[in-house]
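Reading the structure
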Amino acid sequence: MDAVSLGPFVMPLDRLITALALAGLLGAAELMARRLKQPRLAAGLWNAVFAGLLVARVGYVVRHWPIYREDLLSTLYVWQGGFGPVWGVVGGTLYALWFFRRDRALLRLALTPAAVGALVALALFALADARVPEQAELPDLTLTTLGGASRNLADFKGQPVVLNVWATWCPPCRREMPMLAEVEAENPGVAFVFVNLGESPEQVTRFLEDQGLFFNHMLLDPGQRLVPRLNVIGFPTTFFFDREGVMVARKTGELSRPALEDMLELIR
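Rules and cut-offs
- Throughout, residues of each chain are indexed from 1 in the direction in which the sequence is written.
- Local features in a predicted model are, by the rule used here, given only for residues with pLDDT of at least 70; side-chain atom pairs are given and counted only at 80 or more, and totals for whole chains, interfaces and linings are based on all residues.
- The basis for every side-chain value is the complete set of non-hydrogen atoms in the structure, without hydrogens or water.
- Disulfides are defined as pairs of cysteine sulfur atoms found within 2.5 Å of each other.
- When accessible area is computed with a 1.4 Å probe and restricted to protein chains, residues below 20% of their type maximum are described as buried, those above 50% as exposed, and intermediate ones as partly exposed.
- Strand pairing follows a simple DSSP-based rule, namely that at least 2 bridges must link the two strands.
- Note on conventions: DSSP H or I runs of at least 4 residues are helices, E runs of at least 2 residues are strands, and numbering of each starts at the N terminus.
- Think of each axis as a best-fit line through the C-alpha atoms, taken over the contacting stretch in the case of a helix, with angles from 0 to 180 degrees between the N-to-C directions.
- Whether two residues are in contact is decided by their heavy atoms: any pair within 4.5 Å suffices.
- Any angle between 65 and 115 degrees counts as roughly perpendicular, while under 35 counts as roughly parallel, over 145 as roughly antiparallel, and the rest as oblique.
- Definitions for this section: a left-handed crossing has its near helix turned counterclockwise from the far helix by less than a right angle. A right-handed crossing has that turn clockwise.
- Just to be clear on terms, a salt bridge is a Lys or Arg side-chain nitrogen sitting within 4 Å of an Asp or Glu carboxyl oxygen.
- Here the positive residues are Lys and Arg and the negative ones are Asp and Glu; neither His nor the chain ends is included.
- Distance and chemistry together define a polar contact, namely a pair of N or O atoms within 3.5 Å, with one atom able to donate a hydrogen and the other to accept it when in protein, and with adjacent residues in sequence counting only for side-chain atoms on both sides.

Moving on, we get to the state of the cysteines. Following the criterion strictly, the structure yields one disulfide and no others. Covalently, C170 is tied to C173 through a disulfide, its sulfur atoms 2.5 Å apart. Judged by the sign of its S-S torsion, about 80°, the cystine formed by C170 and C173 is right-handed. No difference in accessibility class separates C170 from C173, as the two residues are buried.

Quick look at the structure:
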């Protein structure tokens, strides 16, 4: 499981854990600051969190600069994810050391909420890792093409496969489709398979024509039979399978170009 369903919303698990860890850190900081009457403690840690997030984003962008320089505006698309955890920890720590440089006692106090945040993150990641790992393969499931022909997903074994589950009414799906079409064209050795859930051929064809998009393998699953087979909990969800048809990774939510390139390296 890589995401959690919160009512009608779906949140990637790593982002949820990060948010809860930061909430634990900042909550402990606010509580200590009020009880000890040390407002600078909370202010310093709030600033350290923002500094850490900024540095984490910058570090990720620097690492993937050859991709981001082609579309500089995409460096601001933080909703797609793309943060370097190590960069963030280093950036936040350095800021905290600078902020509390003249008050060692306050710096020692800051270690307590930082430890709370770290413990929350470690506990949640340990809980997530303790779950039974998903062992999924390309399903032996026959779907239909836009032209009405039958196609079994298992037939794609023998080559790396990117399987994207989507719907025309899903805004993140619509945003990532042009990028996916570009990457598909650039990677002829990888099978990009798109499975539309719950919609008619006419709806899908109209959307693709309106957007000027073409995909080699567009399949339909009007009965949403793929959902229980791969535990789909939200749109879009992208699965990555190696040449043997074994799932190597999955990503719930909108993909960025750098994240997609990282995933492709795992299955090539």
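The discussion continues.
Quick look at the sheet that holds strand β9 (residues 247–252) now. Within a sheet, each strand pairs with its neighbour through backbone hydrogen bonds, oriented either parallel or antiparallel. Reading across the sheet, the seven strands line up as β4-β3-β7-β6-β5-β8-β9 and stay open at both edges, with mixed pairing between neighbours. For this open sheet the edge positions go to β4 (150–152) and β9, each flanked by a neighbour on one side alone. Sheet twist, expressed as the average angle between the axes of neighbouring strands with direction ignored, equals 30°. With five bridges joining them, strand β5 (residues 161–166) and strand β8 (residues 237–241) adopt antiparallel strand pairing. Pairing of N164 across the sheet is with T238, part of β8. Where helix α7 (residues 201–211) meets the sheet, its contacts fall on β5, β6 (191–197) and β7 (217–221), and the angle it forms with β7 comes to roughly 145°.

Here we come to the pairing of β9. Where burial is concerned, most of β9 is hidden: five out of the six residues are buried. As defined by bridge partners, β8 adjoins β9 across five bridges and the pair is classed as antiparallel. In the strand pairing of β9, F240 is matched with A249.

Right, let's talk about the packing of helix α1 (residues 13–36) against helix α2 (residues 39–63) for a bit. Running from N to C, α1 and α2 cross one another at 160°; their axes reach a closest spacing of 7 Å. In terms of their interaxial angle, α1 and α2 are classed as roughly antiparallel. By crossing handedness, the relation of α1 to α2 is classed as left-handed. Contacts between α1 and α2 involve L22, L25, L26, A29, E30, M32 and A33 from the first element and P39, L41, A42, L45, W46, V49 and L53 from the second.

It is worth spelling out the pattern of salt bridges at this point. All told, the structure shown has seven salt bridges when counted by the stated rule. Notably, a salt bridge pairs R175 with E254, separated by 2.7 Å at the nearest N-O pair. A residue pair is termed long-range when its members are at least 10 positions apart, and R175 in helix α6 (residues 171–186) and E254 in the loop between β9 and α9 (257–267) qualify at 79 residues. Taking the relative accessible area as the measure of exposure, R175 reaches 45% and is therefore partly exposed. Using a relative accessible area of 7% as the deciding quantity, one classes E254 as buried. Three or more residues joined by partner-sharing salt bridges are found here, namely E182, E186, R257, E261, E265 and R268.

Checked against the element boundaries, E176 lands in helix α6. For E176, which is buried and forms no salt bridge, the nearest opposite charge comes from K251, at a distance of 7.2 Å. Polar contacts involving the side chain of E176 include one to the side chain of N164, which spans 3.0 Å. Setting aside residues no more than four positions away along its own chain, E176 makes contact with N164, P236, T238, G253, E254 and L255.

Let us now look at unusual backbone geometry. With an omega dihedral of -15°, the bond running from F235 to P236 counts as a cis peptide bond. Residue position: P236 is located in the loop between α8 (226–230) and β8. A positive phi angle is found at K37, which is not glycine, with a value near 55°. The residue K37 is located in the loop between α1 and α2 in this model. Classification of K37 as exposed rests on a relative accessible area of 72%. Positive phi outside glycine occurs at N231, with the angle close to 55°.

The values are spatial; any link to function lies outside them.
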